[in-house]
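As a plain string of letters, each chain reads:
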Amino acid sequence: MRAMVYRGPYKIRVEEKPMPVIEHPNDAIVRVTLAAICGSDLHLYHGLMPDTRVGHTFGHEFIGVVEQVGSSVQNLQVGDRVMVPFNIFCGSCWYCARGLYSNCHNVNPNATAVGGIYGYSHTTGGYDGGQSQYVRVPFADVGPVKIPDWMHDEDAVLLTDAAATGYFGAQLGEIAEGDTVVVLGAGPVGLVAAQSAWLMGAGRVMVVDQLEERLAKARSMAHAETFNYTEYDDIVVEMKKQTDHLGADVVIEAVGAEADGSLLQHIAGTKLKLQGGSPIALNWAIDSVRKGGTIGVVGAYGPIPNAVKFGDALNKGLTLNMNQTPVKRQWPRMFEHVRNGYLTPRDMVTHRFPLEDISEAYHVFSAKLDGCIKPLILPSAA
Amino acid sequence: MPDDKDIPSAYVKDKRTPTESREELRARIPGWGVDLDPADRPSNHRLHYAPDTTGAHWDFPERQPEKWPREHSIEHAFVTPVFGTAQPPKGLSGVIRKFSYARYGEARLGHWLLLILADRVDAWEEHLRSFATTRPDNPITETGVKAEYTHGGLASRKGRVDARHHLLDPLVVAGPWVAAAGGAVLGVRKLVRAVRR
């Protein structure tokens, strides 16, 4: 089969790889029909995530058709069209029993601090991912869901991570009616977080980024007020002015490890790897939220410590909520919102690349060329 | 002394800035307030005990066969019943990885730094190995730099602050290659001089 393969930082190519096989009775093999590159894939691509091995196939946002099932699989049949959450989870450990699917304890031998994720280094379990023609899907009775007939494939693939994470991020903010919500980052996750903030009753939604095309999308897709931080000497001061010197009631941090905004932090965190990524967005969140306010963090960081302004977080009496998204838990409610047109994930898609062009796709997305917000990968065109 | 109404909200007991009414927001924003009640939000209760809803039909999953002594965090009681089998450790990078997992827990910085070191060693091992194959690594095609021409590299970066550190990317990618080539040249020169003596 053809698959994207990591060759070292900033280098990937498409190779012929052996087909995945059933390794556990509850495995399925899925033929991928549509995949996406996630912003967090760029952390792997840039060599930020420890234990990213040469030969690894990335990709945790994908949908496909069940090609083969293991002997104990009951809920899926060959030929089913399925969407697969980015989390690999067993459904039976202490954490899964309580809905913490992203924190499953039975699928990642390499670390206890993070669950299993498709194609996301050995630090999340060493599973090859879905930017390929076929992928092994463990716990086929637990993770995948048949794609509803009415659902557009591009919405389905985005619901496997980016959209679900945006919706989850807004929930982490514990938004109350009339709250002023600031979303840091107008990427795929931030756009859906901004849309979701309204569903939860926000009175005002402001989105901060530096890329004009993304801010324009935040206005059109999420009806948000937008702020290009490069136009202000200090975006935190501007947020204070905008909120009558209170600060935002809620800040949703949808940026993560590769934040721009501080050249020093960026170089220390992402080029020199002295931190688990640049914490500038997290620090802006801490500084922009009002005292006693809440921050929802869905931006991804590595396991190496970051220079976070924890003293300010303490002194301001903040609540910081965070997690990797338990995707499947979001789906029933999100399906309603997508069907009703309240959440419109596929509006964010800007580029579609055949698998064979994935090196260019990564470069375009990484350098944010050509107004790229969300690139999809078409394995069938390989 | 400013008029009271000029004093910002933060200094008085209530927000002065009026928000739109529910009706105005509903008219303007599709779906405004449909998840207003926290009970409607799927992750409202972080811990929600519902083991019968996950699809699992086991108490503890059957164990996947272990084809090699699978490296695992020492914070785990054992190798988890299901795990990835992609890219088993090999070569010098594999030795470093196995040592890091066996020696250090996740709380130790050494664990993660050794894994990062192993990643770099792995890349070099694989680059060298690739030169003995019919498909050697090609930094031009593998970096996708062609997209600079096909997707407006210069125009796309106009006015962006991150363009500053994009200048560092070629250094990150090419720097080790240039350093290695320089080292090789110096080494060969030293060797030639030693032989001549």
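Residues numbered from 1 in each chain as written. Chains lettered and ligands numbered in written order. Predicted model: local features only at pLDDT ≥ 70, side-chain atom pairs only at ≥ 80, totals over all residues. Heavy atoms only, no water.

By the naming in an unreviewed UniProt entry, chain A goes by Threonine dehydrogenase and is assigned to Blastococcus haudaquaticus. The UniProt entry for chain A carries the following comment under Cofactor (unreviewed entry): "Zn(2+)". Looking at the Sequence similarities (unreviewed entry) heading of the UniProt record, one finds this comment for chain A: "Belongs to the zinc-containing alcohol dehydrogenase family." (UniProt positions renumbered as here; feature names shortened; annotations may be inferred.)

### A look at the sheet that holds strand β12 (residues 225-228) of chain A
Residue and element names in this part refer to chain A. Pairing in this open sheet of six strands is parallel, and the strands run β12-β11-β10-β13-β14-β15 from one edge to the other. Unpaired on one side and paired on the other, β12 and β15 (319-322) mark the two borders of the sheet. With direction set aside, neighbouring strand axes in the sheet form an average angle of 20°. Bridge count for strand β14 (residues 289-297) against β15 is four bridges, and the pairing is parallel. Of the residues in β15, the one forming a bridge with Val297 is Met322. (Pairing = 2+ DSSP bridges. Helix = DSSP H or I, 4+ residues; strand = E, 2+ residues; numbered from the N terminus. Axes fitted to C-alpha atoms, helices over the stretch in contact; angles between N-to-C directions.)

### Considerations on the domain arrangement of chain B
Residues and elements named next belong to chain B. By the assigned domains, chain B splits into domain 1 (72-137) and domain 2 (138-181). Centre-to-centre separation of domain 1 and domain 2, based on C-alpha positions: 27 Å. Taken together, the contact pairs five residues of domain 1 with six residues of domain 2. Surface buried jointly by domain 1 and domain 2 totals about 440 Å² across both partners, of which 69% is contributed by carbon and sulfur atoms. It is Trp124, His127 and Asp137 in domain 1 that bury the most area against domain 2; as a group they hold 86% of the surface buried on that side. Linking domain 1 with domain 2 are zero salt bridges, by the criterion used here. Linking domain 1 with domain 2 are one residue pair in polar contact (both at pLDDT 80 or more), by the criterion used here. (Domains from an automatic or database assignment. Contact = heavy atoms within 4.5 Å. Buried area = accessible area lost by both parts, 1.4 Å probe. Salt bridge = Lys/Arg side-chain N within 4 Å of Asp/Glu carboxyl O. Polar contact = N/O pair within 3.5 Å; in protein donor to acceptor, adjacent residues only side chain to side chain.)

### As for the pairing of strand β11 (residues 204-209) of chain A
Put simply, side chains in a regular strand alternate between the two faces of the sheet. Residue and element names in this part refer to chain A. Of all six residues making up β11, six are buried, and the element is well covered by its neighbours. Neither face of β11 is open: one carries Arg204, Met206 and Val208, the other Val205, Val207 and Asp209, and all of them are buried. The sheet contact formed by strand β10 (residues 180-184) and β11 spans five bridges and is parallel. By the bridge assignment, Val183 is partnered in β11 with Val207. Handedness of the β10-helix α5 (residues 188-199)-β11 crossover: right-handed. In the sheet, β11 pairs with β12 via four bridges, with the strands oriented parallel. Across the sheet, the residue bridging to Met206 is Glu225, located in β12. Where the polypeptide runs from β11 across helix α6 (residues 212-222) and back to β12, its parallel neighbour, the crossover connection is right-handed. (Buried < 20%, exposed > 50% of the residue type's maximum accessible area, 1.4 Å probe, protein only. Right-handed = clockwise from strand over helix to strand, strands pointing away.)

### A closer look at the domain arrangement of chain A
When the parts of a complex come together, some accessible area is lost, and that lost area is often taken as the interface size. Residues and elements named next belong to chain A. In terms of domain boundaries, chain A breaks down into domain 1 (2-161 + 326-381) and domain 2 (166-322). The straight-line distance from the C-alpha centre of domain 1 to that of domain 2 is 25 Å. Facing the 25 residues of domain 1 at the interface are 22 residues of domain 2. Of the roughly 2,100 Å² buried where domain 1 meets domain 2, counting both sides, 67% is carbon and sulfur surface. Looking at the side of domain 1 facing domain 2, the largest losses of area belong to Leu48, Met348 and Ile373, adding up to 26% of the total buried there. If you look at where domain 1 meets domain 2, you find zero salt bridges. Linking domain 1 with domain 2 are seven residue pairs in polar contact (both at pLDDT 80 or more). Among the elements that make up the side of domain 1 that touches domain 2, the one with the highest residue count is helix α11 (residues 327-339) (four residues). Looking at the side of domain 1 that touches domain 2, its residues break down into 14 nonpolar, seven polar and four charged. (Nonpolar A, V, L, I, M, F, W, Y, C, P; charged D, E, K, R; others polar.)

### Quick look at the state of the cysteines
Tallied over the entire structure, the rule returns zero disulfides over all chains. Cys372(A) supplies the cysteine sulfur nearest to Cys38(A), a cysteine that is in no disulfide, at a spacing of 12 Å. (Disulfide = S-S within 2.5 Å.)

### Observations regarding the environment of Ala155(B)
For Ala155(B), the position within the fold is in helix α6 (residues 153-157). When the C-alpha atoms of Ala155(B) and Lys13(B) are compared, they prove to be 49 Å apart, with 142 residues separating the residues in sequence.

### Digging into the pattern of salt bridges
Residues and elements named next belong to chain A. The full count for this structure, using the stated rule, is 37 salt bridges over all chains. With a shortest N-O distance of 2.7 Å, Arg136 and Asp27 are connected by a salt bridge. Here Asp27 lies in the loop between β2 (11-16) and β3 (28-36) and Arg136 lies in strand β8 (residues 134-137), a separation of 109 residues in the sequence. Taken individually, Arg136 and Asp27 each receive the classification buried, so the pair is uniform in this respect.

### With respect to the packing of α5(A) against α6(A)
Residues and elements named next belong to chain A. Following both chains from N to C, one finds α5 and α6 inclined at 30°, their axes separated by 10 Å at the closest point. Of the possible angle classes, the one that applies to α5 and α6 is roughly parallel. The two elements α5 and α6 cross, and the hand of that crossing is right-handed. In this structure, α5 uses Pro188, Leu191, Val192, Ala194, Gln195 and Trp198 to contact α6, whose residues at the interface are Arg214, Lys217, Ala218, Met221 and Ala222. (Parallel < 35°, antiparallel > 145°, perpendicular 65-115°, else oblique. Left-handed = near helix turned anticlockwise from the far one by under 90°.)

### Looking at the packing of aromatic side chains
Aromatic ring pairs are defined here through the distance separating the ring centres and the angle between the ring planes. Residue and element names in this part refer to chain A. This structure, assessed with the given rule, holds 13 aromatic pairs over all chains. Centre to centre, the rings of Tyr6 and Phe58 are 5.4 Å apart; their planes meet at 35°, and the pair counts as tilted. A residue pair is termed long-range when its members are at least 10 positions apart, and Tyr6 in strand β1 (residues 2-8) and Phe58 in the loop between α1 (41-45) and β4 (61-69) qualify at 52 residues. Judged by its relative accessible area of 2%, Tyr6 falls in the buried class. Ring centres of Tyr45 and Tyr362 lie 5.0 Å apart, and the angle between their planes is 40°; this geometry places the pair in the tilted category. Remark: Tyr362 occurs in helix α12 (residues 358-367) and Tyr45 occurs in helix α1; sequence separation between them is 317 residues. By relative accessible area, Tyr362 is classed as buried at 0%. Each residue in the set Tyr6, Tyr10, Tyr45, Phe58 and Tyr362 is aromatic and connected to the rest through ring pairs, giving one cluster. Arg98 extends its terminal NZ or CZ atom over the ring of Trp94, reaching a point 4.0 Å from the ring centre. (Phe/Tyr/Trp six-rings, centres within 6.5 Å; stacked < 30°, edge-to-face > 60°. Lys NZ or Arg CZ within 6 Å of the ring centre and 35° of its normal.)

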